[in-house]
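Geometric and topological summary
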Amino acid sequence: MRPTYWIIGLATLSIVIGLFMSRDPERAERLSQMYRDAAFTGEARQMAIMGLAVAIGAFVVYLTMTRR
């Protein structure tokens, strides 16, 4: 089976589960609280964005230097 089908299948499954979870108000509140608890805030968010920017920049430099 192709990896694309796996990705599409998993994305569809996550959408269906998300819709099912958001129907029940109690489950929706727990899911919302889980998202808030897992989110980066304040300085941690700034550090994560900075790390991502450095990683993308390093990847672009790597591609530029190794290309002939």
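Residues numbered from 1 in each chain as written. Predicted model: local features only at pLDDT ≥ 70, side-chain atom pairs only at ≥ 80, totals over all residues. Heavy atoms only, no water.

1. Describing the overall build of the protein chain
Counting its secondary structure elements, the protein chain contains three helices and zero strands. When the helices and strands of the protein chain are listed from N to C terminus, the series reads α-α-α. Its C-alpha atoms give the protein chain a radius of gyration of 19 Å, more than 25% over the compact-globule value 11 Å for 68 residues. With the C-alpha coordinates of the protein chain rotated into their principal frame, the extents come out at 55 × 40 × 10 Å. (Helix = DSSP H or I, 4+ residues; strand = E, 2+ residues; numbered from the N terminus. Rg over C-alpha atoms; globule rule 2.2 N^0.38 Å.)

2. Some points on the pattern of salt bridges
Pairing is possible between side chains of opposite charge, provided their charged atoms come close. Following the criterion strictly, the structure yields one salt bridge and no others. Arg36 is paired through a salt bridge with Glu29; the nearest N and O atoms lie 3.3 Å apart. We classify Glu29 as partly exposed; its relative accessible area is 47%. (Salt bridge = Lys/Arg side-chain N within 4 Å of Asp/Glu carboxyl O. Buried < 20%, exposed > 50% of the residue type's maximum accessible area, 1.4 Å probe, protein only.)

3. Some words on a nonpolar patch on the surface
A cluster of nonpolar side chains, namely Leu10, Leu13 and Ile17, defines an oily patch on the protein surface of about 290 Å² accessible area. Locating Ile17 in the fold gives a position in helix H1 (residues 3-23). Given the relative accessible area of 44%, Ile17 is considered partly exposed. (Patch = residues over 30% accessible without salt bridge, like charges linked within 9 Å, V, L, I, M, F, W, Y side chains within 5 Å. Areas by Shrake-Rupley, 256 points an atom, 1.4 Å probe, with all protein chains shown as cover.)

4. Describing the confidence of the model for the protein chain
Mean pLDDT over the protein chain: 85, with 96% of residues reaching 70 or higher. Least confident of the elements in the protein chain is helix H2 (residues 25-38), whose mean pLDDT is 82; most confident is helix H3 (residues 42-66), at 92. (pLDDT = per-residue confidence, 0-100.)

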